[in-house]
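Below, each chain spelled out in residue letters.
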Amino acid sequence: MHDLKYLRDNLDLVRTSLERRGRDVPWDTIQKLSEERRTLTTQVEQLRHELKKGSDDVAQRRRAKLPADEAIEAMKQVGERIKEIDGRLRDTEETLNGLALCIPNLPHHTVPQGTDSTQNVEVRRWGTIPSFSSPPKPHWEIGEALGILDFDQAAKIAGARFAVLSGAGAKMERALIDYMLDLHTTQHGYREILSPVLVNRQTMTGTGQLPKFEEDLFRLRDEDWFLIPTAEVPLTNLHREEILSEDRLPIRYTACTPCFRREAGSYGRDTRGLIRLHQFNKVELVAFTTPDCSYDELERLTGHAESILQNLNLPYRVVTLCAGDMGFSSAKTYDLEVWLPSQGQYREISSCSNFESFQARRANIRYRVGGGKKEAKPDFVHTLNGSGLAVGRTLVAILENYQQPDGSVLIPEALRPYMGGKERIVKE
RNA sequence: GGAGAGGUGGCCGAGUGGCCGAAGGCAACGGUUUGCUAAACCGUCGUAGGGACAAAAUCUCUACCGAGGGUUCAAAUCCCUCCCUCUCCGCCA
């Protein structure tokens, strides 16, 4: 959500900024509606003023035992006019609001130009790509051979794009979750949260999933509840409609939740394995900061996500998404891409974004500038989030990068304490 | 699911049709007093959207008493719907 006043005053800048994202925005309609709203508002307020005065007059006359019929009659008519103009005002606002909610965030000036993922810019690489004597196997083959992954069973009980993990597979998923949460809470200063994974419409609007992307979400049939596509949604909305005191900032939360995605429009992509599922676990990092710190925080948060990959010794690279490839709400996004030997390429495992005040406006999350001083005015916080990490894809990366010629998989050292000291997964 | 009680400013809490953006208290902030701390006293003390002013200070208008409708010249107050919280009963992990 943008500040409509800001849009109006900086129309050219905004327009060129959004062109970088390749999105069409109905500027003329918006401009026309804003003007309409303004005139209608003024009119309604003037009439209300009149009504108020008139009503006071009636009250005074009553007290003085004077007749008031004339004033009452006049006010009746004012009331009618208010009703009529207010109705038009409401329609205007509703339309305008709907349009405004569908305008994406403006890309930060450091975001590279581009229309799709081929124009993302690599920032750095880390780790050594492992070499294999024979062609590395995809994780689903490894997992099925070890008896720890079963997609047939998943299809039977749920459908396509689900997975069943068992034995050491299930255990490793849980170990990864514990390991990630422990690291973020003890080393990186995040507070662990366990939240609902069903949320209401307002919450989904706060972070930007609604109204534009409803078809990506699972929704309950009998209640207006949605399954979260990421913990970003509940975590960011924890402070919806709040004014935080500045000394509480930055606030950092982490949570592991299941994430649910319709994956509409991704037919035929990543149909095998754990890469793209309707349900997966993800450890999420969310931060609330003052506007002047948010880009430092983005670097820090990205680093926190990277540290997991480093500790697990998984090779990865960091890319800056170009303007055309960024998510709707983001002002700047780094993707972390882990090396997948079977595909011979880097694949997204984390996405770290600064939303600046975009979500904060939608969700009305503010902070009090300058503590409790009289001149202190509330201002919107900046919100950020990043995966730290997508657990299923981490499991994929481990299976593939740590696979052995005999079909077993070594367990990364950092994870062994979480797996009862075990060093290797062998066929069960 | 059944029965009942509630939702008022940062918090507590008064207010059952007009003079209520809302008493009183607490907290917070500024000040006076004080050797220091405390106390006492005085003052300030919500958010948002318009307008006036070149702009700031300031002034002014409008909206907001859980949300949305309705009645009325006039609604925190009356009516309806919904949401949420609490208590009791039932059911349940």
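Residues numbered from 1 in each chain as written. Chains lettered and ligands numbered in written order. Predicted model: local features only at pLDDT ≥ 70, side-chain atom pairs only at ≥ 80, totals over all residues. Heavy atoms only, no water.

### A few points about the overall build of chain A
Here is the rule: In this description a helix means any DSSP run of H or I spanning at least four residues, a strand means any run of E spanning at least two, and both kinds are numbered starting from the N terminus. Each residue's exposure class comes from its accessible area (1.4 Å probe, protein chains only) as a fraction of the maximum for that residue type: buried when under 20%, exposed when over 50%, partly exposed otherwise. Residue contacts are defined here by distance: any two heavy atoms, one from each residue, within 4.5 Å place the two residues in contact. For accessible areas, the Shrake-Rupley method is used with a probe of radius 1.4 Å. Any residue's cover is judged against the shown protein chains and nothing else. Counting rule applied: Lys, Arg positive; Asp, Glu negative; His and chain ends not counted. Charged side chains are reduced to one point each, which is NZ for Lys, CZ for Arg, CG for Asp and CD for Glu.
Along chain A, the regular secondary structure elements total 12 helices and 17 strands. Principal-axis analysis of the C-alpha atoms places the extent of chain A at approximately 100 × 45 × 45 Å. The proportion of buried residues among the 428 residues of chain A is 49%. For chain A, restricting intrachain contacts to residue pairs at least 6 apart in sequence, the fraction spanning at least 24 positions comes to 74%. On chain A, roughly 21,300 Å² of surface is accessible, and the fraction owed to carbon and sulfur atoms is 47%. With 58 positive and 62 negative side-chain charges, chain A shows a separation of 3 Å between the mean positions of the two kinds.

### With respect to the domain arrangement of chain A
Put simply, the test is: Domain delimitation follows an automatic or database domain assignment.
Per the domain assignment, the segments making up chain A are domain 1 (26–100) and domain 2 (117–425). Taking the mean C-alpha position of each, domain 1 and domain 2 sit 49 Å from one another.

### Focus on the sheet that holds strand E7 (residues 242–245)
Definition in use: We call two strands paired when DSSP finds no fewer than two bridges between them. Between the N-to-C directions of two axes lies an angle of 0 to 180 degrees, each axis being a line fitted to C-alpha atoms and, for a helix, fitted only over the stretch in contact.
If you trace the 3 strands from one edge of the open sheet to the other, you get E7-E13-E14, paired in mixed fashion. Strands with a single pairing partner mark the edges of an open sheet, and in this sheet they are E7 and strand E14 (378–380). Put simply, the sheet's adjacent strands are angled 40° from each other on average, direction ignored. Pairing geometry for E7 and strand E13 (residues 365–368), over 4 bridges, is parallel. Bridge assignment links Leu244 to a residue of E13, and that residue is Tyr367.

### Quick notes on the protein's contact with RNA strand B
We count it as follows: What makes a residue near a molecule or strand is one non-hydrogen atom of that residue sitting within 4 Å of it. Pairs of N or O atoms are called polar contacts if they sit within 3.5 Å, as long as, within protein, a hydrogen donor faces a hydrogen acceptor (for residues adjacent in sequence, only side-chain-to-side-chain pairs).
Taken together, 21 residues lie near RNA strand B, and Arg38, His49, Arg63, Arg90 and Arg368 sit nearest. Of all RNA strand B atoms lying within 4 Å of any protein atom, the proportion belonging to sugar or phosphate reaches 63%. A distance of 2.9 Å separates a base nitrogen of RNA strand B from a polar backbone atom of Ser55. In this structure, Arg366 approaches RNA strand B through a side-chain N or O atom, which is 3.0 Å from a sugar or linking oxygen. Listing elements by their share of the surface near RNA strand B, those giving two or more residues are helix H3 (27–63), helix H4 (69–100) and E13. Here the surface near RNA strand B takes 11 residues from H3, the largest share from any one element.

### Re the sheet that holds strand E8 (residues 251–260)
The sheet built from 8 strands is open, its strands ordered E1-E10-E11-E12-E15-E9-E8-E4 with mixed pairing. Both edges of this open sheet fall to strand E1 (121–126) and strand E4 (191–192), since each of them pairs with a single strand only. Inspection of the sheet shows strand E12 (residues 345–356) paired to strand E15 (residues 382–390) by 4 bridges, in the antiparallel sense. In the sheet register, Ser353 faces E15, and the bridge partner there is Asn385. Packing against the sheet, helix H12 (residues 391–401) makes contact with strand E9 (279–289), strand E11 (332–340), E12 and E15, and its axis sits at approximately 40° to E15.

### Points about the packing of aromatic side chains
Our working rule: Stacked, edge-to-face and tilted are the three classes for Phe, Tyr and Trp ring pairs, Trp counted by its six-membered ring, which pair at centre distances within 6.5 Å; planes under 30 degrees apart are stacked, over 60 edge-to-face, the rest tilted.
In total, this model carries 6 aromatic pairs according to the counting rule given. Judged by centre distance (5.2 Å) and plane angle (70°), the ring pair of Phe213 and Phe328 falls under edge-to-face. Taken together, the residues Phe213 in the loop between helix H8 (201–207) and strand E6 (225–227) and Phe328 in the loop between strand E10 (316–320) and E11 connect sequence positions 115 residues apart. Note on Phe213: relative accessible area 24%, which makes it partly exposed. On the basis of relative accessible area, Phe328 is assigned to the buried category, the value being 7%. When the centroid spacing of 5.7 Å and the interplanar angle of 80° are considered together, the rings of Phe328 and Phe358 count as edge-to-face. One end of the pair, Phe328, is in the loop between E10 and E11; the other, Phe358, is in helix H11 (residues 358–363), with 30 residues separating them in the sequence. With respect to class, Phe328 is no different from Phe358; both count as buried. By way of ring pairs, the aromatic residues Phe213, Phe328 and Phe358 are connected into one cluster.

### Structural notes on the environment of Glu45
By the secondary structure assignment, Glu45 is in helix H3. Each C-alpha atom of the pair Glu45 and Asp86 lies 9.6 Å from the other, and the pair is 41 residues apart in sequence.

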